[in-house]
Amino acid sequence: MSPDPFSGVGEKEEDEDFFDRLPDSLLLLIFNRLQDVKSLGRCCAVSKRFNSVALQVDSVVVRVDCVISDADGGPASKPRSVFSNLFKLLLGSFIKPLQVIQQILGPKKVILAEVSHHSPGEVLKNFGEIRSLRIELPAGELGVDGGGLLKWKAEFGSSLDSCVILGATSFTRKTETYVVANHQANDDQGNIPESFCTNGGLKLRVVWTITSLIAASARHYLLQQIVADHPTLESLVLTDADGQGMLCMGKDQLAEFRRAPLAASTSSNRTQVPALNMKLWYAPRLELGSEHVMEGATLVAIRPVDRPMRKESDGFVTTAFEEPFREAVKAMVRKRTYLLEMNPF
């Protein structure tokens, strides 16, 4: 009798790790698709090979969605209530750089506990080839009254390059009755009524503008060590899960950020906001083709005085947000423009 040629073949295949057949370059491509730092952290724990390859990824996303307090050992029950004290935290104290997310969420917080017992800074320092980094906070810093809308996008180098703010006292879906009753709503030319300046409307827009700039400059200040620790970075975005605010830095802006010293505000832990030129557009009511309507819609485009806005270069305004807000911005910029100035603070 001859031995069975197929004897033991099945057992061999079951024991074989098919990932061993993949070259490191293909593994790296897979890990780059993961992006999420928690998933990458778990991959690093699988084997020495996975650890070596996963830490070479060039694109990482840090989602701050789990906050565990040293005091109670459990998740924060009300993330929004934590963020209600954001300005007190940012403007009142500052801890070791790169524990930025911990500082934003509150003192003595441990984040990404499922991946590691280390701080987010220590986790990120393990990745030596990051080119694109996105950090996502659980929620925006700025509270808005029920039904209201506030969004901002800011670009920074060593200081503010530009900022676009879109706000509305309400943002709702249109109803058939609403459309029939208000079909002329978009026909106005964006003239600000006299009552706007006397009933608190202008004051509210000033508050929106200043608080958005403070939130942006505070985030900017807290990114110093992250940028210093990752010289390969070419793109950095710090945003939040509900899409309220977004800070962006590109390759040239990051190079400037590393090269030029930051002008810190004397009163708080944020970078100084320079003297600004602003364009403001206003619409009492704005109906969008996306079946939404904005009441008290306001758009503000901001540039430092040494980087004046020109009509041909105002594309940063119309491309700041995704739909349906991009549609709103394009409709707003066709209306009457008001020019404002703001001193540095």
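Structure: see above.
Caption draft 1: Representation of the overall build of the protein chain in the model. Helix and strand counts for the protein chain come out as 15 helices and 12 strands. Expressed as a percentage of the 345 residues in the protein chain, the buried residues total 46%. Counting only contacts in the protein chain whose residues sit at least 6 apart along the sequence, the fraction spanning at least 24 positions is 73%. Counting only carbon and sulfur atoms, one obtains 53% of the accessible surface of the protein chain, whose full area is about 17,900 Å².

Caption draft 2: Examining helix α2 (residues 24-34) more closely. Among the residues of α2, those classed as buried are Leu27, Phe31 and Asn32. One side of α2 carries all its buried residues, which in axial view fall inside an arc of 140°. Exposed side chains of α2 directed beyond 90 degrees from the buried face belong to Ser25 and Arg33. Considering only its buried residues, α2 is in contact with α3 (37-44), α4 (48-54) and β1 (59-63).

Caption draft 3: How the structure looks around the pattern of salt bridges. Applying the stated criterion across every chain yields a total of nine salt bridges. Ionic pairing is found between glutamate 234 and arginine 131, a salt bridge with its closest N-O pair at 2.9 Å. Taken together, the residues glutamate 234 in the loop between α12 (224-229) and β8 (235-240) and arginine 131 in the loop between α8 (120-125) and β4 (132-137) connect sequence positions 103 residues apart. On the basis of relative accessible area, glutamate 234 is assigned to the partly exposed category, the value being 30%. Put simply, glutamate 295 and arginine 285 hold a salt bridge, and the shortest N to O gap is 3.3 Å. With glutamate 295 in strand β11 (residues 292-304) and arginine 285 in strand β10 (residues 276-287), this residue pair connects regions lying 10 residues apart in the sequence.

Caption draft 4: Summary view of the environment of alanine 218. Along the polypeptide, alanine 218 turns up in helix α11 (residues 201-222). Judged by relative accessible area, which is 0%, alanine 218 ranks as buried. As for alanine 218 and glutamine 272, which are separated by 54 residues in sequence, their C-alpha atoms are 9.2 Å apart.

Caption draft 5: Region of the structure containing the nonpolar core. Counting 50 residues, the largest nonpolar core has Phe31, Val60, Leu133, Leu236 and Ile302 as the members making the most contacts within it. One finds Ala283, Leu288, Val317 and Ala331 within the second-largest nonpolar core, a separate group that totals 22 residues.

Caption draft 6: Region of the structure containing the side chain of glutamine 253. Note that glutamine 253 resides in helix α13 (residues 251-259). At 2.8 Å, the side chain of glutamine 253 and the side chain of aspartate 161 are in polar contact. A distance of 2.7 Å separates the side chain of glutamine 253 from the backbone nitrogen of glycine 250, its partner in a polar contact.

Caption draft 7: Geometry of unusual backbone geometry. Backbone torsion omega between glutamate 323 and proline 324 reads 5°, so that peptide bond is classified as cis. Tracing the backbone through its elements, the reader meets proline 324 in the loop between α14 (315-318) and α15 (325-332). Its identity is not glycine, yet glutamine 35 carries a phi of approximately 65°, on the positive side. As for its placement among the helices and strands, glutamine 35 is situated in the loop between α2 and α3. For glutamine 35, a relative accessible area of 30% puts it in the partly exposed group.

Caption draft 8: Highlighting α15. Those residues of α15 not exposed but buried are Phe325, Ala328, Val329, Ala331 and Met332. On an axial view of α15, the arc spanned by its buried residues comes to 165°, and they lie on one face. Its buried side turned inward, α15 meets β5 (149-156), β6 (160-168), β7 (170-173), β10, β11 and α14.

Caption draft 9: Spotlight on the packing of aromatic side chains. Taken as a whole, this structure holds two aromatic pairs when the rule is applied. Where phenylalanine 31 meets phenylalanine 50, the ring centres are 5.4 Å apart and the plane angle is 75°; that geometry is what we call edge-to-face. Of this pair, phenylalanine 31 sits in helix α2 while phenylalanine 50 sits in helix α4, and the two are 19 residues apart along the sequence. When the ring centre of phenylalanine 316 is taken as reference, the NZ or CZ atom of arginine 303 above it lies at 4.3 Å.

Caption draft 10: Main features of the environment of alanine 263. Mapped onto the elements, alanine 263 comes out in the loop between α13 and β10. Linking alanine 263 and proline 274, residues 11 residues apart in sequence, is a C-alpha distance of 9.2 Å. When residues no more than four places from it in sequence are discounted, the contact partners of alanine 263 are Thr271 and Gln272.

Caption draft 11: View of a nonpolar patch on the surface. On the surface, a cluster of nonpolar side chains totalling about 320 Å² of accessible area is made up of Phe19, Leu26, Leu29 and Ile30. Considering the arrangement of structural elements, one finds leucine 26 in helix α2.

Caption draft 12: Structural context of the state of the cysteines. Applying the stated criterion to the full structure yields zero disulfides. Take cysteine 44: it sits in no disulfide, and the sulfur closest to it among the cysteines is that of cysteine 43, at 7.0 Å.

What counts, and where the lines are drawn
Here the residue numbers are simple positions, counted from 1 along each chain's written sequence. It should be noted that, the model being predicted, local features are given only for residues of pLDDT at least 70 and side-chain atom pairs only at 80 or more, the latter also being counted only at that level, while totals for whole chains, interfaces and linings use all residues. Side-chain metrics in this entry use all non-hydrogen atoms of the structure; hydrogen atoms and water are not considered. The way it works is that DSSP assigns letters per residue, a run of H or I at least four long becomes a helix, a run of E at least two long becomes a strand, and they are numbered from the N terminus. Think of it in three bands: with a 1.4 Å probe and only protein chains considered, a residue is buried below 20% of the maximum accessible area for its type, exposed above 50%, and partly exposed in between. Any two residues having at least one pair of non-hydrogen atoms within 4.5 Å are treated as being in contact. Working definition of accessibility: Shrake-Rupley area with a 1.4 Å probe, residue cover restricted to the visible protein chains. Starting at the helix axis, one direction is taken to each C-beta atom, and the arc is that of these directions. A pair is scored as a salt bridge if a Lys or Arg side-chain nitrogen falls within 4 Å of a carboxyl oxygen belonging to Asp or Glu. Remark: nonpolar core denotes a set of buried residues (Ala, Val, Leu, Ile, Met, Phe, Trp, Tyr, Cys) joined through side-chain atoms within 4.5 Å. Residues adjacent in sequence count toward polar contacts only when both atoms are side-chain atoms; beyond that, a polar contact is any pair of N or O atoms within 3.5 Å, and within protein one must be able to donate a hydrogen and the other to accept it. In this scheme Phe, Tyr and Trp rings, the latter by its six-membered ring, pair at centre separations within 6.5 Å, and the angle between planes marks the pair as stacked below 30 degrees, edge-to-face above 60, and tilted otherwise. By definition here, charges over rings are those cases where NZ of Lys or CZ of Arg is within 6 Å of the ring centre and within 35 degrees of the ring normal. Patch membership needs two things, relative accessible area over 30% and no salt bridge, and members are linked within 9 Å if like-charged or within 5 Å if nonpolar (Val, Leu, Ile, Met, Phe, Trp, Tyr). Note on disulfides: each one is a pair of cysteine sulfur atoms within 2.5 Å.

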